[in-house]
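As a plain string of letters, each chain reads:
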Protein chains: 2
Amino acid sequence: MSLRHAVLGLLADRSGSGYDLLRTFQSSLANVWPATQSQLYTELNRLADAGLVAVTAEGPRGRKEYAITDAGRTELHHWLLEVEPERQRRSESLLRVFFLDQVTPEQGRTYLEREGRAAAAAHQGMRELAERIDADPDPLAVYGRLALEWGLRFTRMQQEWAQWAAEQITERGPQPQVRPPGH
Amino acid sequence: MSLRHAVLGLLADRSGSGYDLLRTFQSSLANVWPATQSQLYTELNRLADAGLVAVTAEGPRGRKEYAITDAGRTELHHWLLEVEPERQRRSESLLRVFFLDQVTPEQGRTYLEREGRAAAAAHQGMRELAERIDADPDPLAVYGRLALEWGLRFTRMQQEWAQWAAEQITERGPQPQVRPPGH
DNA sequence: CTGTACATGTAATACGTTACATGATTCA
DNA sequence: TGAATCATGTAACGTATTACATGTACAG
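Residues numbered from 1 in each chain as written. Chains lettered and ligands numbered in written order. Predicted model: local features only at pLDDT ≥ 70, side-chain atom pairs only at ≥ 80, totals over all residues. Heavy atoms only, no water.

1. Quick word on the confidence of the model for chain A
Here's step 1: With 93% of its residues at a pLDDT of at least 70, chain A reaches an overall mean of 92.
Here's step 2: Within chain A, helix α6 (residues 105-135) of chain A has the poorest average pLDDT of any element, 95, and strand β2 (residues 64-68) of chain A the best, 98. (pLDDT = per-residue confidence, 0-100. Helix = DSSP H or I, 4+ residues; strand = E, 2+ residues; numbered from the N terminus.)

Shown next as structure tokens:
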């Protein structure tokens, strides 16, 4: 049920319409909590019904400006500080790794190398974003910058791991020679 | 739709009942693709309807032993090699980071330190698992060992990042001093 | 003979994705 | 005046979670 809190969190920073929120979701939040247009509008109506946000103004083209209410802020703080985060994550890429014994070592290595390249590309995109942000810092996005740093470290780790894993798969057989580096 | 392929992948290694699969999901696959008992039994019936698996034996207590079919193996290979993995992931922990400007720096630091400890604990658990596996290697789980190495690197990165991020939040104000280490 | 583990299934509910559907404003 | 953007909403479908529901076999 975190979409609810994502919306609340954005509206806590500044009021806005569903359309405004949608753009934020597609840019800064896309990598941590993707959401569709459909989901957003539905959730805003639900939040309004629950009294956690309220329509504060109506503009042209039926635009509704939403603002967080006191009850909404209370709920947001409660969630941030008292609700244990759900740390478990699904990873389709990693699920596939478990089943790589079903294909030839060559195909397995190809898969891992592709993953490595994807990670490197993602890393590069984030580096560019980080440079743009650092050159022209948005004071509202300071914590977003912490999240971006996470992304940089994550993609780097991912890339290094994929390279290492691909190397484990030798041509001598389907059994990779698992000998992790010392740590 | 990856649950389908997760089941297929497990049955490709060895045949088994829904109950057998459930235990595998709760142990080795729990960290990459969680699934519930309810989901598994439903999926097995769907897979059997689609002809990708088949009941090869019936045992005591209504036990049904499932095996992958040729069509199932074809589908598994197709998925592994030709379907682009969904790399986008949701992270509730990271979502919260975006909204840490809503609480005091102290509370923000506390949150990050807690995340760091959680990562360290997860890392420790994985280390122990890795030691057990390396001492008594299961030839069927060699690729699982690659995934475990991913987990070790991930939790370490997570822990280091959380510590770094907590340090960014000084007592002088809500703005963390973002100065990422050189890379 | 009793508790634990084995074993399977369905129903209700919630959440997410895709597609459909509509219309107003602005800018070139 | 036509295209792009702004702006909101609903319906259908698929997937995931939780709870309910039931029964068998085996070990101590």
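So much for the structure itself; the text now carries on.
2. Description of the interface of chain A and chain B
Here's step 1: Between chain A and chain B, the residue contacts involve 75 residues of the former and 75 residues of the latter.
Here's step 2: In total, about 8100 Å² of surface goes out of reach between chain A and chain B, with carbon and sulfur atoms giving 63% of it.
Here's step 3: In terms of surface lost to chain B, no three residues of chain A exceed Arg89(A), Phe98(A) and Tyr143(A), which account for 11% of the buried area on that side.
Here's step 4: Put simply, chain A and chain B have four salt bridges between them.
Here's step 5: Two residues, Arg87(A) and Glu115(B), come together in a salt bridge whose shortest N-O distance is 2.9 Å.
Here's step 6: At the junction of chain A with chain B, the criterion picks out 27 residue pairs in polar contact (both at pLDDT 80 or more).
Here's step 7: Contributing elements (two or more residues each) for the side of chain A that touches chain B: α1 (2-13), α4 (70-82), α5 (92-98), α6 and α7 (142-168) of chain A.
Here's step 8: In terms of residue count, the dominant contributor to the side of chain A that touches chain B is α7(A) (18 residues).
Here's step 9: Per-class residue counts for the side of chain A that touches chain B are 40 nonpolar, 16 polar and 19 charged. (Contact = heavy atoms within 4.5 Å. Buried area = accessible area lost by both parts, 1.4 Å probe. Salt bridge = Lys/Arg side-chain N within 4 Å of Asp/Glu carboxyl O. Polar contact = N/O pair within 3.5 Å; in protein donor to acceptor, adjacent residues only side chain to side chain. Nonpolar A, V, L, I, M, F, W, Y, C, P; charged D, E, K, R; others polar.)

3. Focus on the relation of the copies chain A and chain B
Here's step 1: In screw terms, the move from chain A to chain B is a rotation of 180 degrees and a rise of 0.0 Å along the axis, fitting with an RMSD of 0.1 Å. A rotation of that kind, with that shift, is consistent with a two-fold axis.
Here's step 2: A share of 99% of interface residues in chain A that are also interface residues in chain B marks the association as one of identical surfaces. (Least-squares fit on C-alpha atoms with pLDDT ≥ 70 in both.)

4. A short note on the packing of aromatic side chains
Here's step 1: Applying the stated criterion across every chain yields a total of five aromatic pairs over all chains.
Here's step 2: Each ring, one from Phe154(A) and one from Phe154(B), has its centre 5.9 Å from the other, and the planes form 90 degrees; the classification is edge-to-face. You can see Phe154(A) sitting in helix α7 and its partner Phe154(B) sitting in helix α7 (residues 142-168), one on each of two chains.
Here's step 3: Since its relative accessible area comes to 11%, Phe154(A) is described here as buried.
Here's step 4: Measuring from centroid to centroid gives 5.0 Å for Trp150(B) and Phe154(B), while their planes differ by 10 degrees, and the two rings are stacked. Here Trp150(B) and its partner Phe154(B) are both found in helix α7, four residues apart, which amounts to about one turn of the helix. Accessibility classification places Trp150(B) together with Phe154(B) in one group, the buried group. (Phe/Tyr/Trp six-rings, centres within 6.5 Å; stacked < 30°, edge-to-face > 60°. Buried < 20%, exposed > 50% of the residue type's maximum accessible area, 1.4 Å probe, protein only.)

5. A short note on the protein's contact with DNA strand D
Here's step 1: The immediate surroundings of DNA strand D are formed by 19 residues, with Tyr19(A), Tyr41(A), Lys64(A), Met1(B) and Arg61(B) found nearest.
Here's step 2: Within 4 Å of the protein, the atoms of DNA strand D are drawn from sugar and phosphate moieties in a proportion of 65%.
Here's step 3: In the environment of DNA strand D, a base oxygen lies 3.1 Å from a nitrogen or oxygen atom belonging to the side chain of Ser38(A).
Here's step 4: At five residues, the largest contribution of residues to the surface near DNA strand D is made by helix α3 (residues 37-49) of chain A.
Here's step 5: When its residues are assigned to classes, the surface near DNA strand D shows four nonpolar, 10 polar and five charged. (Near = heavy atom within 4 Å.)

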